[in-house]
2 protein chains.
Amino acid sequence: MPHLLVIGGSDAGVTAARRARELSPSLEISVAFSDAFPSYSICGLPFLLSGEVGEVSALAHSLDFDGLALLPDTPIAELDLGARTALVAASAAGRTIAFDQLVIATGASPIRPDLPGADLPGVHLLHTMGEGLELNAALVAGAPRAVIMGAGYIGIEMADALTRRGLAVTLIGRTPQVLPTLDPDLGALVGGALRAHDVNVLDGREVVAIEPGEPLGVVDSVGERHAADLVLLSVGVTPNAELGAAAGCPRGRKGALVVDRSMATPRPGVFAAGDCATTRHRLLGDDAYLPLGSTAHKQGRVAGENVAGGNREFEGVLGTQVVKVFDLAAARTGLNDVEARRGGFAPLTVDAEPWDRNAYYPGASRLHLRITGDRGSGRLLGAQLVGDAGAEVAKRIDVVATALFCGLKVAQLADVDLSYSPPFASPWDALQQAALAWEARR
Amino acid sequence: MPHLLVIGGSDAGVTAARRARELSPSLEISVAFSDAFPSYSICGLPFLLSGEVGEVSALAHSLDFDGLALLPDTPIAELDLGARTALVAASAAGRTIAFDQLVIATGASPIRPDLPGADLPGVHLLHTMGEGLELNAALVAGAPRAVIMGAGYIGIEMADALTRRGLAVTLIGRTPQVLPTLDPDLGALVGGALRAHDVNVLDGREVVAIEPGEPLGVVDSVGERHAADLVLLSVGVTPNAELGAAAGCPRGRKGALVVDRSMATPRPGVFAAGDCATTRHRLLGDDAYLPLGSTAHKQGRVAGENVAGGNREFEGVLGTQVVKVFDLAAARTGLNDVEARRGGFAPLTVDAEPWDRNAYYPGASRLHLRITGDRGSGRLLGAQLVGDAGAEVAKRIDVVATALFCGLKVAQLADVDLSYSPPFASPWDALQQAALAWEARR
């Protein structure tokens, strides 16, 4: 029976294995991973650490591994794609696993910045379940003051989480505003929500050193020193591509493994999916790198289908993202004005601040909505949206993502028969008001 | 200066007038309407009557009538499309208004069922602002017991509203479950929410008579008699098409005025829009009748644009609707299985009960989701969705509506890069889980 080896037990790997299992009864399928947490939602770690989720086990996406051989605590040190063997790291007598087909889903690792003190005790990274549990242990032991370096998605989610956990939090980001995937003035709204909950947000600064001691001393580029019982470094991730690359799989954007739309690497019978692989951006073309759980599932499914003899293409990402920060939701999809210009479009970007529902309905709030389209063709290119967490921000950005997926023009958004009832929308939904405003400005 | 007369001061009429004003500085534009409430949100009446909205004036959509001559309390009795004049009803000396172009936006009227006692004092209809204010006066005067006849959108919104207002409410509907635009088992969830809030829901019964007295006596088809201090009849609406029809405009479905995709009637220079006109269903073709505020705005805009010399087509409806009932939201778009079969498709309908967000996140709830697609082509045909009011039900159905607008296949829903973060969605959004379940069953 041919053997499929999947390396990686997170979203992409387990999804690929499951999909191959569904489609191909004749494959033997093993999933080798380096920890003890198959198919866990690492995106849920901030909510475990905040105390909103009580049990580690709740983070398991699913415990259904029917027909899969799970190999926990099985890090792979080396691949021989010619001999079709994988060498298990640090194993007695150089244990190897033979395979016929391979899915590399080794994920990504958080970047540990190159600065003095970055590896001191009390300085944490947060990407794996293991790192999350370490951080949780530090919180249980008592750590009243936290400094977070990096104001991207993880940084601001953790600023929220640690504040909820009762810590005094300082958030240091090098960009002019937090959440740099949004335009700065929209990021400033998120920064405002953090400050309103007493997070000490310091924009436009870098951490230059972490000094040992109890507490640690975090020195920033302005020369201020911040006392910290724990430090969290959240300055992004880098693909775990070394294993595949050393075996001869080429690397692309950000060093991730190059794949085609079938999720195949150029090496026969070797697929890659998830945070270790490049991705296709629907508006910008192939060879992008946007490591996200939602994408890892989709890529894993495509890889699993093709391993099992299917003929499926990955349809690409749009850069859709959403984050909750206290009572605010911030989301984006597609391209902002700068990205659109860089991508060869002639963008027009228009703001609107429509109500999320009929203004008279209790709880109505203003949305901060920004639409980018191509001036010449009228084509929708992207949207950014910040609003109340209860204002259906996530699914509003999904309406835009769906329109982007289909290549709609901005003005066509206003033609769609969207649902209307005063508790949920206006007769022209907020998105449609913004679309009409865009078209009027064109 | 050519004169555009718009008959009707609600959504379609005012939107048409405003759009013509934007595009054509050379038109004189008048809006004649029979009451004193131009551009009011009659969809907001239940929330005024519930007490959730405090002030009648809050229901005004907008007070911007710049460049429009408003003619309140000006009902039109007769049109002469040859002479281009409109006769004002009950006016001294037969006052007429001359026009060059005409938009008929006379709306719809609630149906008063033909049963004994239907016109007794204390028996109410609810469609116009005037009817809403009358009903409010009855509530202010004190009316502890209400009986509502009709369990469609207005009936169930009013059952919620009057319960909030402190009344004991009986809701009598002739269909097996409330909200018959949903499949019965999904309607039953809405009925359950009403019952959980002590509404006396009586399904499968008709009101056969209303007996005079204080209280009134509502007799149902089972022979039960329900004491009522007020009765609300909400059994649907009928288009106000008599004025146009008497002037020679043909009538179509449900007696509504026939329009083409430009919102023109067959009579030159005469347009119709909103609840008095037929509409185009994107999946079923022209000559549908689906009177809704959101559609009225879109049709009015198209009519106003074409009156002003434009060349715009109405893109059609999908039958998208949402309603809030206590803590539940119920929504639909497109076709259900029965409608699809009747429409010539070979439907497959599949249920799913996915979580609205990652199951571990506080407040997560199960959605009741039903997807209909065409088995042969794989094309998405519609969805029904019932879930918590906080589960982004409205905008989830809008994602489906956008996909329907674009003609996506069911399986393609799972390819869209939708937003993911544990507080708002799962890595495969609920819609995508349902889409994958549909495809697996196909």
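Scroll up to find the structure.
### Looking at the overall build of chain A
Part 1 of the reasoning: On a plain count of helices and strands, chain A comes out with 11 helices and 25 strands.
Part 2 of the reasoning: Taken against the 2.2 N^0.38 rule, which gives 22 Å for 442 residues, the C-alpha radius of gyration of chain A at 23 Å falls within 12% of a compact globule.
Part 3 of the reasoning: Projecting the C-alpha coordinates of chain A onto the three principal axes gives extents of approximately 70 × 55 × 40 Å.
Part 4 of the reasoning: Put simply, chain A has 442 residues, and 60% of those count as buried.

### With respect to the packing of helix α1 (residues 11-23) of chain A against helix α7 (residues 293-307) of chain A
Pairs of packed helices are described in terms of their axes, by the angle between the two and the distance that separates them.
Residues and elements named next belong to chain A.
Part 1 of the reasoning: Relative to each other, α1 and α7 sit at 35 degrees, their axes nearing to 7 Å. Relative to α7, α1 is oriented so that their crossing is right-handed. From α1, Asp11, Ala12, Thr15, Ala16, Arg19, Ala20 and Leu23 reach across to α7, where they touch Gly293, Ala296, His297, Gly300, Arg301, Ala303, Gly304 and Glu305.
Part 2 of the reasoning: Tallied by class, the residues present in the contact of α1 with α7 amount to 6 nonpolar, 5 polar and 4 charged.

### Examining the nonpolar core
One broad rule of soluble globular proteins: the nonpolar side chains tend to lie buried together.
Part 1 of the reasoning: The biggest cluster of nonpolar side chains holds 78 residues, and the ones touching the most others in it are Ile371 and Leu380 of chain A together with Ile371 and Leu380 of chain B.
Part 2 of the reasoning: Residue contacts for Ile371 of chain A: discarding those within four places in its chain leaves Leu348, Thr349, Val350, Leu380, Gly382, Ala383, Val410, Leu413, Leu431, Ala434, Ala435 and Trp438 of chain A.

### Focus: the sheet that holds strand β1 (residues 3-7) of chain B
Residues and elements named next belong to chain B.
Part 1 of the reasoning: Here 5 strands make up an open sheet; going across it, the order is β3-β2-β1-β7-β18 and the pairing parallel. Looking at the sheet topology across the chains shown, the edges are occupied by β3 (69-71) and β18 (270-272). Direction aside, the axes of adjacent strands within the sheet are offset by 20 degrees on average.

### Describing the interface of chain B and chain A
Part 1 of the reasoning: Taken together, the contact between chain B and chain A spans 66 residues of the former and 66 residues of the latter.
Part 2 of the reasoning: Of the roughly 5,600 Å² buried where chain B meets chain A, counting both sides, 65% is carbon and sulfur surface.
Part 3 of the reasoning: Where chain B packs against chain A, one counts 2 salt bridges.
Part 4 of the reasoning: Note that Asp429 of chain A is salt-bridged to Lys395 of chain B, the shortest N-O span being 2.8 Å.
Part 5 of the reasoning: Linking chain B with chain A are 20 residue pairs in polar contact (both at pLDDT 80 or more).
Part 6 of the reasoning: With 12 residues, the single largest contributor to the side of chain B that touches chain A is helix α9 (residues 393-406) of chain B.

### Thoughts on the sheet that holds strand β14 (residues 216-220) of chain A
All names here are of chain A.
Part 1 of the reasoning: Taken in spatial order, the 3 strands of this open sheet run β13-β14-β15, and their pairing is antiparallel. Edge strands, defined here as strands with exactly one partner in the open sheet, are β13 (207-211) and β15 (225-228). Within this sheet the neighbouring strands show an average axis-to-axis angle of 25 degrees, counted without direction.
Part 2 of the reasoning: In this structure, β14 lies alongside β15, joined through 4 bridges in antiparallel fashion. Bridge pairing in β15 places Val218 opposite His226.

### Structural notes on the relation of the copies chain B and chain A
Part 1 of the reasoning: Superposition of chain B onto chain A requires a rotation of 180 degrees combined with a translation of 0.0 Å along the rotation axis, giving an RMSD of 0.0 Å. Here the copies are linked by what is in effect a two-fold axis.
Part 2 of the reasoning: A share of 100% of the interface residues of chain B reappears at the interface of chain A, consistent with the copies meeting face to face through the same patch.

### Some points on the packing of aromatic side chains
Part 1 of the reasoning: Under the criterion given, the structure shown has 4 aromatic pairs over all chains.
Part 2 of the reasoning: When the centroid spacing of 5.1 Å and the interplanar angle of 75 degrees are considered together, the rings of Phe37 of chain A and Tyr40 of chain A count as edge-to-face.
Part 3 of the reasoning: Looking at Tyr40 of chain A, the relative accessible area reads 12%, which means it is buried.
Part 4 of the reasoning: Ring geometry for Phe47 of chain A against Tyr361 of chain B: centres 5.2 Å apart, planes inclined by 90 degrees, an arrangement best described as edge-to-face. Taken together, the residues Phe47 of chain A in helix α2 (residues 45-49) and Tyr361 of chain B in the loop between β23 (347-352) and β24 (368-374) connect one chain to another. Here Phe47 of chain A matches Tyr361 of chain B in class, with each residue buried.
Part 5 of the reasoning: When the ring centre of Phe405 of chain A is taken as reference, the NZ or CZ atom of Arg282 of chain A above it lies at 3.8 Å.

### Here's the deal with unusual backbone geometry
Part 1 of the reasoning: At the junction of Glu214 of chain A and Pro215 of chain A, the peptide bond is cis and its omega measures out at 5 degrees in the coordinates.
Part 2 of the reasoning: With respect to the element layout, Pro215 of chain A can be found in the loop between β13 and β14.
Part 3 of the reasoning: Even without glycine at this site, Met263 of chain B takes up a positive phi of about 70 degrees.
Part 4 of the reasoning: Structurally, Met263 of chain B can be placed in the loop between α6 (242-246) and β18.

### Quick look at the pairing of strand β2 (residues 28-32) of chain A
All names here are of chain A.
Part 1 of the reasoning: With respect to burial, β2 is a largely interior element, 4 of its 5 residues being buried.
Part 2 of the reasoning: Looking at chain direction, strand β1 (residues 3-7) and β2 are connected through 5 bridges and run parallel. From the neighbouring strand, His3 faces β2, where its bridge partner is Glu28.
Part 3 of the reasoning: Taken together, β1, α1 and β2 constitute a β-α-β crossover, and its handedness is right-handed.
Part 4 of the reasoning: Bridge analysis of β2 against strand β3 (residues 69-71) gives 3 bridges, and the strand direction is parallel. Across the sheet, the residue bridging to Val31 is Leu70, located in β3.

### Structural notes on the pattern of salt bridges
All names here are of chain A.
Part 1 of the reasoning: This structure, assessed with the given rule, holds 44 salt bridges over all chains.
Part 2 of the reasoning: Here Asp203 ties to Arg195 by a salt bridge, and the two come within 3.2 Å at their closest N and O atoms.
Part 3 of the reasoning: Note that Asp220 and Arg205 form a salt bridge whose closest N and O atoms lie 2.8 Å from each other. Residue Asp220 is found in strand β14, and its partner Arg205 is found in the loop between β12 (200-202) and β13; the two are separated by 15 residues along the sequence.
Part 4 of the reasoning: Taken together, the shared-partner salt bridges in this structure form one network comprising Arg19, Glu22, Glu305 and Arg312.

### Things to note about the pairing of strand β25 (residues 380-388) of chain B
All names here are of chain B.
Part 1 of the reasoning: Extensive coverage of β25 is indicated by the burial of 8 of its 9 residues.
Part 2 of the reasoning: As defined by bridge partners, strand β22 (residues 328-334) adjoins β25 across 7 bridges and the pair is classed as antiparallel. When the sheet's bridge partners are listed, Leu328 is paired in β25 with Asp388.
Part 3 of the reasoning: Inspection of the sheet shows β24 paired to β25 by 6 bridges, in the antiparallel sense. By the bridge assignment for β25, Ile371 is matched with Ala383.
Part 4 of the reasoning: What sits between the antiparallel neighbours β24 and β25 is a turn of 5 residues, in which Gly378 has the positive phi angle 80 degrees.

Parameters and conventions
- Residues numbered from 1 in each chain as written.
- Chains lettered and ligands numbered in written order.
- Predicted model: local features only at pLDDT ≥ 70, side-chain atom pairs only at ≥ 80, totals over all residues.
- Heavy atoms only, no water.
- Helix = DSSP H or I, 4+ residues; strand = E, 2+ residues; numbered from the N terminus.
- Rg over C-alpha atoms; globule rule 2.2 N^0.38 Å.
- Buried < 20%, exposed > 50% of the residue type's maximum accessible area, 1.4 Å probe, protein only.
- Axes fitted to C-alpha atoms, helices over the stretch in contact; angles between N-to-C directions.
- Left-handed = near helix turned anticlockwise from the far one by under 90°.
- Contact = heavy atoms within 4.5 Å.
- Nonpolar A, V, L, I, M, F, W, Y, C, P; charged D, E, K, R; others polar.
- Core = buried A, V, L, I, M, F, W, Y, C linked by side-chain atoms within 4.5 Å.
- Pairing = 2+ DSSP bridges.
- Buried area = accessible area lost by both parts, 1.4 Å probe.
- Salt bridge = Lys/Arg side-chain N within 4 Å of Asp/Glu carboxyl O.
- Polar contact = N/O pair within 3.5 Å; in protein donor to acceptor, adjacent residues only side chain to side chain.
- Least-squares fit on C-alpha atoms with pLDDT ≥ 70 in both.
- Phe/Tyr/Trp six-rings, centres within 6.5 Å; stacked < 30°, edge-to-face > 60°.
- Lys NZ or Arg CZ within 6 Å of the ring centre and 35° of its normal.
- Right-handed = clockwise from strand over helix to strand, strands pointing away.

Purely geometric stuff here, so don't read any function into it on its own.
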